[in-house]
Amino acid sequence: MMRGPAGFLLCSLLLVAPHCTEVATEEGQPDPKMPCANWMGGAPGYPGHNGLPGRDGKDGKDGQKGEKGEEGVQGPKGDQGEIGAPGQEGPRGFPGYPGQMGQKGEGAFIYRSAFSVGLTERAPHPKVPIRFSKIFYNEQNHYDASTGKFLCSIPGVYYFAYHLTVYLSDVKVSLYRKDKAVIFTYDQFQKNNVDQASGSVLLHLNAGDEVWLQVYGEGDNNGVYADNINDSTFMGFLLYPDLDAH
């Protein structure tokens, strides 16, 4: 056995140890982080490992609509697109207003040439132009009543016609142009009857050409007649001029 101070210290520790055991039993399991009453705790342990990541949470609610942003800068012009299909025809519009009258142009009146005459004497002489002295129309004076001839002043195409009353004898007349007979008309007189003879023709005339009507042959065929109720007429007019000559 130990003697002296060392022995005394050992005896004291042996006496205190059972007492601490009883107190711990009565108060339960002490907090490992807290020392026993008048007991010195142990050294802190090492930090533990990181735990596993938790599960994803649920989606949150939609936020409120934000304010409208400022208008952006206009982008560059795009390429021209293809031509579309033609549309349907629209409804017909209302007629427009009449236009203003144009300036007076050159008309056919510049090239007028016409005459219409009648017979005043009976039984004209043969082999000479019949002088129709009753003037119905001769504004341009292209027909000469003193000679019975029409004088062409405007080159072009002319229409001539004659309507004769036949009485007392047969009639045979010719329409002449430049001393040549162009057409002939013959009518045989019927006793105690008044008959009619007529003819017409289209002729192209040059300036200076003359046209007239004449009893053809001897005096036996000059039954051309006219009085106050029966007429024998001769007429002609320009249809259209030769524009190249004007």
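Since the model is a prediction, treat every value here as computed from it, not as a measurement.

## Thoughts on the overall build of the protein chain
Counting secondary structure elements, the protein chain contains 1 helix and 10 strands. Starting at the N terminus and ending at the C terminus, the protein chain contains elements arranged as α-β-β-β-β-β-β-β-β-β-β. Put simply, of all contacts in the protein chain between residues at least 6 apart along the chain, 70% involve residues at least 24 apart. Surface summary for the protein chain: the accessible area is close to 20200 Å², and the carbon and sulfur share equals 53%.

## Description of the confidence of the model for the protein chain
Residues at a pLDDT of 70 or more form 80% of the protein chain, whose mean pLDDT is 81. The low-confidence segment residues 20-27 (pLDDT under 50) makes 0 contacts with residues lying over four places distant or belonging to another chain.

## A few points about the packing of aromatic side chains
Inspection of every chain in the model, using the stated rule, returns 12 aromatic pairs. Between Phe-115 and Phe-234, the ring centres sit 5.2 Å apart and the planes meet at 70 degrees, which makes this aromatic pair edge-to-face. In this pair, Phe-115 sits in strand S1 (residues 114-118) while Phe-234 sits in strand S10 (residues 233-241), placing the two residues 119 residues apart along the sequence. Both residues of the pair, Phe-115 and Phe-234, belong to the buried class. Here the aromatic residues Phe-115, Phe-132, Tyr-143, Phe-150, Tyr-158, Phe-160 and Phe-234 are joined through ring pairs into a cluster of three or more. Lying across the ring of Trp-212, Lys-149 places its NZ or CZ 4.4 Å from the centre.

## Here we look at the environment of Ser-169
Of note, Ser-169 is situated in strand S5 (residues 156-177). C-alpha of Ser-169 to C-alpha of Phe-189: the two residues are 20 residues apart in sequence and 5.4 Å apart in space.

## Overview of the side chain of Asn-138
Within the fold, Asn-138 resides in the loop between strand S2 (134-137) and strand S3 (143-144). For Asn-138, the side chain forms a polar contact with the main-chain oxygen of Tyr-143, separated by 2.9 Å. Those residues within four positions of Asn-138 in sequence are excluded, and the remaining contacts are Ala-114, Phe-115 and Tyr-143.

## Digging into the side chain of His-142
On the secondary structure map, His-142 appears in the loop between S2 and S3. Note on His-142: relative accessible area 12%, which makes it buried. If near-sequence neighbours (up to four positions away) are discounted, His-142 is found in contact with Arg-112, Ser-113, Lys-149, Phe-150, Leu-151 and Ser-153.

## Some remarks on the pairing of S5
One ladder, built from 11 bridges, connects S5 with strand S7 (residues 195-205); its direction is antiparallel. Bridge pairing links Tyr-159 to Leu-202 in S7. Across 8 bridges, S5 lies against S10 in antiparallel orientation. Across the sheet, the residue bridging to Ala-161 is Met-235, located in S10. As judged from the 3 bridges shared by S5 and strand S9 (residues 222-225), these two strands associate in the antiparallel manner. Note that in S9 the partner of Thr-165 across the bridge is Tyr-225. Bridge analysis of S5 against strand S6 (residues 180-187) gives 7 bridges, and the strand direction is antiparallel. For Ser-174, the partnering residue across the bridge sits in S6 and is Phe-184. Here S5 folds back onto S6, and the loop between the two strands holds 2 residues, one of which, Lys-178, carries a positive phi near 50 degrees.

About the thresholds
Residues numbered from 1 in each chain as written. Predicted model: local features only at pLDDT ≥ 70, side-chain atom pairs only at ≥ 80, totals over all residues. Heavy atoms only, no water. Helix = DSSP H or I, 4+ residues; strand = E, 2+ residues; numbered from the N terminus. Contact = heavy atoms within 4.5 Å. Areas by Shrake-Rupley, 256 points an atom, 1.4 Å probe, with all protein chains shown as cover. pLDDT = per-residue confidence, 0-100. Phe/Tyr/Trp six-rings, centres within 6.5 Å; stacked < 30°, edge-to-face > 60°. Buried < 20%, exposed > 50% of the residue type's maximum accessible area, 1.4 Å probe, protein only. Lys NZ or Arg CZ within 6 Å of the ring centre and 35° of its normal. Polar contact = N/O pair within 3.5 Å; in protein donor to acceptor, adjacent residues only side chain to side chain. Pairing = 2+ DSSP bridges.

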